[in-house]
Amino acid sequence: MIDLRLAAPVALAWGALALVVGLPRVTALVLGAAALVAAAAVLVATGVFAAPARRRGRARFAALTLILAGLFSVGAGAQGLGWERSDVGRLAEAGGRADVVLGLTEPAKARASPWGGPASVTARGELWLAEAAHGPGIAAVARFSGELPASGSVLVFRARLAVADLGATERVTAQAIDEPVVHAPTGWRGIVLRLRAGLGERADPLLAGIVLGDTSQVDESLDAALKTTSLTHITAVSGAHVAIVLGVALGLAALVGAPRWGAALAGGVTLLSFTALVGPSPSVLRAVLMGGAALTGLAAGKRRLALGALGAAVALVLAADPWLARSYGLTLSALATAALIVVAPPLARWLRRAAPRLPGPLAEAAALSCSAQLACAPVIAVFAGQISLSAVPANVAAAPAIPLATIAGLAALALGPVWAAGADAAAWVGNLAAGWVARVAEWVSAWPGAAVAWPKGAAGLTLAVLATAALVGGAFALRRAPRWVAWAVAACLVAGMVLAGPLRRPLRSALGGGVAADWAVAACDVGQGTAVVLRSGQDAAVMVDVGPAGGGVDRCLDDLGVRRLDAVILTHFHQDHVGGLA
């Protein structure tokens, strides 16, 4: 029986906070105080009138939800007021310029300029004003042109500050006016940089991405294949990475016969070391909390404890940073972790009953992948504009190699300074495992209909939720059906996945939607920007401008049936006209 006594109130309070963070700070404080007063009134009324046990349980549930919502709202209002009154906050609100210092907390990423010249670099970290570079920094994202700085570096530059988008992990965006001066990290950050450099000399780019979350050297075509097959989670430090590392540490502690306190100490040291190694970014800290919560409950053999631990972890994250209430990253982390706790175990048992000859590890891998994919698909559809139909087979095929690559890569990193031959051997094993993941991503992403376009926004979310509910409901309905019926339904789903790509345009034309077969000129909807397509052949065209990065020009060409561009004409070099080249 799943215990929702903590998880459900946290989820409801989270939803309330997502609305409150967009309101004025004083309004958030007032609403938070009102929620706390209402919670006190519920508790007092329940105690005074000596309500029946069942009603007292409901009252406690409502009171806990109100208390959490009130604390989250008060925290959002207080932190918001403090931020607005800070020197950095006032400058960002006014769009002012200042000399700043940025300490990187995760690897920077570079993107080649479409018209030559220095690469465009995006770096995330803690930002201070240069004249007051002390105390806790402000989470910021900086953009500049130049060389890619090493992880953990400190950048000094003059920048134009602005307030980051609501729901972003960062509070500030800093657009560099000149090229930053890069200072190499010192102290423990310098040690970490040397360890990472040692691994980089031995590891392929994808292995470095799996172990350290550093995708700066991963090939663009491989990165696209990982996105198509929903395998990007392997290069983003997640709760799965934390679970693997913590599981190895606890396993070794048990192997040497360490007492319970010794195992707990080993786990804590491992988490601290891993966090320092990959960088204490908000996403990493969130992954540590999520992974630790899931592993704690699952190690105890009680799923209800794991779900309660997940609720506590989410509450801590939202209390520390209320703006994450609208973060896609936190939403995906929580949904995937909850699905692994609640859905994956019964799904694995059903798979073993439905297919007795299916090996147990394969059933477990399929259950884990299916549950996480089903939980995250509606959210992914909202911001990515596509749903991967190849995610489950790709993740099942890659699953055995990911723990091996992670463990071997970490071993190579740790052995590098003391035993070069051992580090080389471990890196060789890790490269083999990472190479398998790369081959799986490239092969599966080439399947017809590997990913299909999906409407964005509220319409896309509604459709994705309905489709997910239909799949889950159908799975439950098939539990007692004859085995041949289940296999027939599975075959139909596979056939639908394979035919989704080739049949999409003919079906849309037959139903009166999509693009006319005899089109000559088309203007692509790329948001803020321009992209015009002039037909030059049966499946060829000339393109005038390509819209901004992420504007969906690829999807537009796919809808038009364009397989070859005879020429691309760029009218001028503004990002809303040329950004889509990347």
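Right above here is the structure, for reference.
Residues numbered from 1 in each chain as written. Predicted model: local features only at pLDDT ≥ 70, side-chain atom pairs only at ≥ 80, totals over all residues. Heavy atoms only, no water.

> Explanation requested: helix H9 (residues 260–278) in the structure shown.
Each α-helix turn comprises 3.6 residues. Residues three or four places apart therefore point the same way. The first and last C-alpha atoms of H9 sit 27 Å apart over 19 residues, in line with the 27 Å expected at 1.5 Å per residue. Turning to H9, its buried residues are Gly-262, Ala-263, Gly-267, Thr-270, Leu-271, Phe-274, Thr-275, Leu-277 and Val-278. Just downstream of H9 lies Gly-279, where phi reads positive at about 105 degrees. (Helix = DSSP H or I, 4+ residues; strand = E, 2+ residues; numbered from the N terminus. Expected span 1.5 Å × (residues − 1). Buried < 20%, exposed > 50% of the residue type's maximum accessible area, 1.4 Å probe, protein only.)

> Is there a simple way to think about the side chain of His-577 in this case?
Positionally, His-577 belongs in helix H21 (residues 575–578). Discounting chain neighbours no more than four positions away, the residues touching His-577 are Thr-530, Asp-545, Val-546, Gly-547, Leu-570, Thr-571 and His-572. (Contact = heavy atoms within 4.5 Å.)

> I would appreciate a short explanation of the packing of aromatic side chains in the present structure.
Centre distance and the angle of the planes are the two values used to describe a pair of aromatic rings. Counting across every chain of the model gives two aromatic pairs. Between the aromatic rings of Phe-144 and Phe-157, the centroid separation amounts to 6.4 Å while the plane-to-plane angle is 45 degrees, which identifies the pairing as tilted. Of this pair, Phe-144 sits in strand E4 (residues 138–145) while Phe-157 sits in strand E5 (residues 154–163), and the two are 13 residues apart along the sequence. For Phe-144, a relative accessible area of 5% corresponds to the buried category. Measuring from centroid to centroid gives 5.2 Å for Trp-443 and Trp-447, while their planes differ by 85 degrees, and the two rings are edge-to-face. On the basis of relative accessible area, Trp-443 is assigned to the exposed category, the value being 58%. (Phe/Tyr/Trp six-rings, centres within 6.5 Å; stacked < 30°, edge-to-face > 60°.)

> Is there a simple way to think about unusual backbone geometry in this case?
Peptide bonds are trans in most cases, and residues, glycine excluded, mostly fall at negative phi. One non-glycine residue, Ser-230, lies in the positive phi region at around 55 degrees. By secondary structure assignment, the location of Ser-230 is in the loop between helix H7 (220–228) and helix H8 (239–255). Ser-230 gets classed as buried once you look at its relative accessible area, which sits at 16%. The backbone of Asp-545 shows a phi angle near 65 degrees, a positive value even though the residue is not glycine. Looking at where Asp-545 falls in the secondary structure, it is placed in the loop between strand E12 (540–544) and helix H20 (553–560). A residue is classified by how much of its surface remains accessible, and Asp-545, at 2% relative accessible area, is buried.

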